[in-house]
Amino acid sequence: MYCPKCQAEVSTVVQEMTESYPVKGEPVLVEAQVRICSVCGEELWDDVLDSQNLRRAYAQYRKTHGLLQPEEIQEIRELYGLSQVIFARVLGLGDKTVARYENGSLADAAQNNLIVLARNPENFRQLLEMSRCRITAQDYETARKALEQVSRQVSYNPKQIYVIQEDTDINFKLNWGDRKYA
Ligand SMILES: [Zn+2]
């Protein structure tokens, strides 16, 4: 890799150091992987490492702000057997919104909260009924069947923790239910 300070191709090493990444105007500290010139010690730009560091910063920001992580949004959506577009329509979001969040974009707080609430089958049932004009009869049936299955297998308590009543293959999807969202 080229080092501008040495003005030569140099060998490099990757070091872990605490760095501050701005996320929505807020500095977020992450344990970042940084590429260093092994000759002069200058920090060198590395696209791949930088995008990984940024992903860590986003994940940390979500944690601090009580936002769902992308994989958690995906798990909620998959509970109901829906594609990203249809899940977004049921929630009344734009067609591409859920795809964007699952791909790592930061969710808006209100939309995040809507998805958190949709994790509760009773809330989802209401949303599904309200969305019938926006989705096909087939998508409605898919969601309704998945919802029935979810409702049979879990119950919801006021502490937002799912209680698993049967040992089924959806357990692993629900096991993160004891995480707290402030
Ligand atoms: Zn150098």
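This report concerns the structure included in the present document. Since we're looking at a predicted model, the values are computed, not measured. (Residues numbered from 1 in each chain as written. Predicted model: local features only at pLDDT ≥ 70, side-chain atom pairs only at ≥ 80, totals over all residues.)

Section: helix α2 (residues 70-79)
For α2, the complete set of buried residues consists of P70, I73, I76, R77 and L79. Taken from the residues just after α2, G81 is the one with a positive phi, measuring 65 degrees. (Buried ≥ 20, exposed ≤ 12 C-beta atoms within 10 Å, placed from the backbone. Helix = DSSP H or I, 4+ residues; strand = E, 2+ residues; numbered from the N terminus.)

Structural notes on the environment of T97
With respect to the element layout, T97 can be found in helix α4 (residues 97-102). In this structure, the C-alpha to C-alpha distance between T97 and F87, residues 10 residues apart in sequence, is 9.7 Å. Setting aside residues up to four positions removed in sequence, T97 forms contacts with A88 and Q111. (Contact = placed C-beta atoms within 7 Å.)

Description of the packing of helix α6 (residues 121-130) against helix α7 (residues 137-153)
Between α6 and α7, whose axes approach to 10 Å, the crossing angle comes to 165 degrees. On the basis of the axis angle, α6 is roughly antiparallel to α7. At the point where α6 passes α7, the crossing takes the left-handed sense. Where α6 abuts α7, its residues P121, F124, R125 and L128 lie against Y140, A143, R144, L147, V150 and S151. Split by residue class, the contact of α6 with α7 holds seven nonpolar, one polar and two charged. (Axes fitted to C-alpha atoms, helices over the stretch in contact; angles between N-to-C directions. Parallel < 35°, antiparallel > 145°, perpendicular 65-115°, else oblique. Left-handed = near helix turned anticlockwise from the far one by under 90°. Nonpolar A, V, L, I, M, F, W, Y, C, P; charged D, E, K, R; others polar.)

Observations regarding the nonpolar core
Within the largest apolar cluster, 22 residues are counted, with the highest numbers of intra-cluster contacts made by F87, V90 and L91. Among the elements of the structure, α2, α3 (84-91), α4, α5 (109-118), α6 and α7 are those that each provide at least two residues to this core. Broken down by element, this core gets its largest block of residues, five residues, from α3. Leaving out residues up to four positions away in the same chain, F87 has contacts with R77, Y80, L82 and V98. (Core = buried A, V, L, I, M, F, W, Y, C linked by C-beta atoms within 7 Å.)

Observations concerning the environment of K5
Mapped onto the elements of the fold, K5 is located in the loop between β1 (2-3) and β2 (8-9). Spatially, the C-alpha atom of K5 lies 7.2 Å from that of E42, the residues being 37 residues apart in sequence. Setting aside its immediate chain neighbours within four residues, K5 contacts C37, C40 and E42.

Topic: the pairing of strand β4 (residues 26-37)
On any regular strand, side chains alternate: one points to one face of the sheet, the next to the other face. Here 12 bridges tie strand β3 (residues 12-23) to β4, and the two strands are oriented antiparallel to one another. When the bridges of β4 are listed, T12 appears paired with C37. Hairpin remark: β3 followed by β4, antiparallel, with two residues in the connecting loop; positive phi at K24, about 50 degrees. Between β4 and strand β5 (residues 43-44), which follow one another and run antiparallel, lie five residues, and G41 among them has a positive phi close to 85 degrees. (Pairing = 2+ DSSP bridges.)

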